[in-house]
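Chains, contacts and geometry: an overview
Residues per chain are reported as follows:
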Amino acid sequence: MKKMYGLAVGCVGMAAMLTACTPQLTTNVPNVIRVENVDVGDEGKVTINSSESVEITPDMAEIVYGITSEDEDASTCQQKNTESLNQVLAFLKEQGYADESIKTTGFSLETRYDWSGNTQKLVGYSMHTQVTVTDVPMDDVGGLLSKTVESGANEIQNVTYFSSTYDQAYKEALEKAVELARGKAEAIAHADGRQLGKVLRVEEYNDGQYGRYTSSGISRQANKMMEMAAGEGAGAADMGVMPGQMKVTANICVDFELLP
């Protein structure tokens, strides 16, 4: 039985983040490489952990609107909310969004009380509805956020960005990770006077799906803008939207055969 050298490298966790730099290929290099004397049988192998990232610019967005209505009467409150909801839906359809891209959720009707003093007094009702619109082109996001104040929505609850080329970018990162792993393995094999053989095993650590969407962080800004516009009684100017870039990362572990 022969004793060969095996390599173990800690895998780097998946990350998705928004940056403002230009598209580039990013390589994560481990801080610690541990080499052990292990029993690897007659053929021998070397194990490499590899991580590569590709940065892409988001080109689509998903927006979650909120519609909140209040009134002393429950029926009137519901009617107000329904009217505002219908106005928002009609506005979105006028902009060309199909029914498949629009979803209404989160219907709720709650009582409102006056808790001042030592008594509990019913003062009215509050109804809330959510409207989610997907597949919004990035160029349309600013205008769509601004004009909702005129169509009936009074909250922007969430805005997320994503890229229609995410799968292609992930495939590119995966290919780069394999190339990096092979380069590391060849260097180790040559250092030991060996030749690198075939791939014995490849393991993919997740596929970065949680990085498919990234938060814009502009919801509070949008709500403040809508409140100001409503108070002034004038239409809001289009918001400036800067999506930056998102990182798509692939992490793999590869076993290569070591030849004499």
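Described in the following lines is the structure provided in the data block. (Residues numbered from 1 in each chain as written. Predicted model: local features only at pLDDT ≥ 70, side-chain atom pairs only at ≥ 80, totals over all residues. Heavy atoms only, no water.)

1. Focus on the overall build of the protein chain
Along its length, the protein chain carries four helices and twelve strands. Per-residue burial over the protein chain gives 42% buried out of 260 residues. (Helix = DSSP H or I, 4+ residues; strand = E, 2+ residues; numbered from the N terminus. Buried < 20%, exposed > 50% of the residue type's maximum accessible area, 1.4 Å probe, protein only.)

2. A word on the nonpolar core
With 23 residues, the main nonpolar core has Ile 63, Tyr 65, Leu 92, Val 131, Val 133, Val 141 and Leu 144 as its most contacted residues. Secondary structure elements with two or more residues in this core: strand 6 (60-71), helix 1 (74-94), strand 8 (121-137), helix 2 (138-151) and strand 9 (155-162). The element that contributes the greatest number of residues to this core is helix 1, accounting for five residues. In this view, Val 131 contacts Ile 63, Val 64, Tyr 65, Ile 67, Leu 85, Val 88, Leu 89, Leu 92, Ile 102, Lys 103 and Thr 104; residues no more than four positions away in its chain are not counted. (Core = buried A, V, L, I, M, F, W, Y, C linked by side-chain atoms within 4.5 Å. Contact = heavy atoms within 4.5 Å.)

3. As for helix 1
Its 21 residues give helix 1 an end-to-end C-alpha distance of 30 Å, which sits within 8% of 30 Å, the value for a rise of 1.5 Å per residue. Listed as buried for helix 1 are Cys 77, Asn 81, Ser 84, Leu 85, Val 88, Leu 89, Phe 91 and Leu 92. Axial view of helix 1: buried residues confined to an arc of 160 degrees, hence all on one face. In this structure, the buried residues of helix 1 make contact with strand 6, strand 7 (102-114), strand 8 and helix 2. Once helix 1 finishes, Gly 96 follows within two positions and takes phi at roughly 100 degrees, a positive value. (Expected span 1.5 Å × (residues − 1). Arc of directions from axis to C-beta.)

4. Here's the deal with the environment of Leu 259
For Leu 259, the position within the fold is in strand 12 (residues 245-259). In this structure Leu 259 comes out as partly exposed when scored by relative accessible area, which is 31%. When the C-alpha atoms of Leu 259 and Lys 198 are compared, they prove to be 9.2 Å apart, with 61 residues separating the residues in sequence. Beyond its immediate chain neighbours, meaning those up to four positions away, Leu 259 contacts Arg 194, Gln 195, Leu 196 and Gly 197.

5. Describing the pairing of strand 6
Along any regular strand the residues' side chains alternate between the sheet's two faces. Within strand 6, nine of the twelve residues are buried, which leaves the element mostly enclosed by the surrounding structure. As paired elements, strand 6 and strand 8 share eleven bridges and run antiparallel to each other. Paired with Ser 69 across the strands is Met 127, a residue of strand 8. Strand direction decides the pairing type here: strand 6 and strand 9, joined by seven bridges, are antiparallel. Paired with Gly 66 across the bridge in strand 9 is Glu 155. (Pairing = 2+ DSSP bridges.)

6. A few points about the sheet that holds strand 6
Reading across from one edge, 7-8-6-9-11 is the order of the five strands in this open sheet, with antiparallel pairing throughout. Two strands lie at the open edges of the sheet, namely strand 7 and strand 11 (213-215), each paired on one side alone. Sheet twist, expressed as the average angle between the axes of neighbouring strands with direction ignored, equals 20 degrees. (Axes fitted to C-alpha atoms, helices over the stretch in contact; angles between N-to-C directions.)

7. Concerning the packing of helix 1 against helix 2
Two measures define how a pair of helices packs: the angle their axes make with one another and the distance between the axes. Running from N to C, helix 1 and helix 2 cross one another at 140 degrees; their axes reach a closest spacing of 9 Å. It follows from the interaxial angle that helix 1 and helix 2 lie oblique. The handedness of the crossing between helix 1 and helix 2 comes out as right-handed. Taking contact as the criterion, the partners of Ser 84, Gln 87, Val 88, Phe 91 and Leu 92 in helix 1 are, on helix 2, Leu 144, Lys 147, Thr 148 and Ser 151. (Parallel < 35°, antiparallel > 145°, perpendicular 65-115°, else oblique. Left-handed = near helix turned anticlockwise from the far one by under 90°.)

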